[in-house]
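# Secondary and tertiary structure notes
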Amino acid sequence: MTATLTRPAWTTDLELEIFDKLLDKYAPYIPKKRCLRRATPTQEPRSPETDEERENFYRFRVAGAAHDLFIVQVCAKIIDSFADPELQLFLSRQIGDDGAHAQNTRLRAQAISGHDPIEDIQKQVQKHWDYMGDLPIRNWQGFLAFELHYELHIVALLFINSRTSKINDPDSAKFAAERILPDEAVHRLGVVDWWQRKFDQASPAEKEDLIAQVIEADEEGQRRRNPYLRDHWQLSQKAIGIEIDDLPVLYDAWRREILSYFLDIPISRLPKLVSVND
């Protein structure tokens, strides 16, 4: 659908442009390689070699599968709450895609460890529910905040992973390049489309109210996600060797860019937002 708002269309190229701008400001030492849609950076990461590396990589894969399975569970719980068939069709694709992503990651974790990780995955899924509570399924505002946090706000981490990781599994990398990255781009664009259709129909006064509602829900989501994010970034550093020194400032800046775009307001008009370090 064609957006009628004043900003440019949200695309993967725009994501790269915004992130590279943030790198110039906050972390110019991180390479500007457009690797989000590729299997690996120019210098290909190696496979985990020691028992410790394999264990950390296993935990990282379990965390990835749990992230995707949590999305499946949330979308499955809420899909019939919306009387919007276009949104329902989008969510049905999201469920199918992330289910396939979680299953592939489960199988790669099994290949690495020699045992089925499904119980470990479900334990991590439960931690997502513990952190997020009923926010993702409470109302449309909470569900939008969930989509923002689980699809768009995490893109800064995806860029960091693709540009600085030192360890990976070739089969996982191949599946990510061929399936996960294109699917996730569709998911992000689907969330943008849903919101813009809703926002476009609102009067100026209604838009102000919608902006306040979205910021409130997104802020709650950030507060709830902070402990998980900090733990996951530490795990990512151990498991795949990514750079995380400036990840908090990049994450916060990226989130401001997302909200500025979504709400069609300058970053300067955003309130002081919860930081990932809070």
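Note that the coordinates shown come from a computational prediction; the quantities given were computed from them, not determined experimentally. (Residues numbered from 1 in each chain as written. Predicted model: local features only at pLDDT ≥ 70, side-chain atom pairs only at ≥ 80, totals over all residues. Heavy atoms only, no water.)

## Observations concerning the overall build of the protein chain
Under the convention used in this document: Strands are runs of DSSP state E lasting at least two residues, helices are runs of H or I lasting at least four, and both sets are numbered from the N terminus onward. C-alpha atoms define the radius of gyration in this analysis, and the globule rule sets the expected value at 2.2 Å times the number of residues to the power 0.38. Burial classes follow relative accessibility: with a 1.4 Å probe on protein chains only, a residue under 20% of its type's maximum area counts as buried, one over 50% as exposed, and anything between as partly exposed.
A count of helical and extended segments in the protein chain gives 10 helices and 0 strands. Element order for the protein chain, N to C, with α for helix and β for strand: α-α-α-α-α-α-α-α-α-α. The globule rule puts the C-alpha radius of gyration for 278 residues at 19 Å, and the 18 Å found for the protein chain is close to it. The principal-axis extents of the C-alpha atoms in the protein chain amount to approximately 60 × 40 × 35 Å. Split into buried and exposed, the 278 residues of the protein chain put 55% on the buried side.

## Regarding helix α3 (residues 85-113)
What counts, and what does not: The length a helix should cover is 1.5 Å for every residue beyond the first. It only takes one pair of heavy atoms within 4.5 Å for two residues to be counted as in contact. Any N or O atom pair separated by 3.5 Å or less is treated as a polar contact, with the protein-specific requirement of one donor-capable and one acceptor-capable atom, and with residues adjacent in sequence counted only for side-chain atom pairs.
Under the 1.5 Å per step criterion, the end-to-end length of α3 is 42 Å for 29 residues, consistent within 8% with the ideal 42 Å. Within the sequence span of α3, burial applies to Leu 87, Phe 90, Leu 91, Gln 94, Asp 97, Asp 98, His 101, Ala 102, Asn 104, Thr 105, Arg 108 and Ala 109. Elements in contact with the buried residues of α3: α2 (51-78), α6 (140-152) and α8 (170-200). Between the side-chain oxygen at the start of α3 and the backbone nitrogen of Glu 86 there is a gap of 3.0 Å, and the oxygen is on Asp 84. Looking one or two places after α3, you find Gly 114, whose phi comes out positive at around 90°.

## Focus: unusual backbone geometry
A positive phi is found at Asp 264, a non-glycine position, where the angle reads about 55°. Summarising the element assignment, Asp 264 is placed in the segment after α10 (247-263). For Asp 264, a relative accessible area of 27% corresponds to the partly exposed category.

## As for the confidence of the model for the protein chain
Note the cut-off: pLDDT gives the predictor's per-residue confidence on a scale running from 0 to 100.
Mean pLDDT for the protein chain: 93, with 94% of residues reaching 70 or above. When the criterion is pLDDT under 50, residues 1-5 qualifies, and its contacts beyond four places in sequence or with other chains add up to 11 contacts. For the stretch residues 34-42, pLDDT sits under 50, and the model shows 24 contacts to residues farther than four places along the chain or on other chains.

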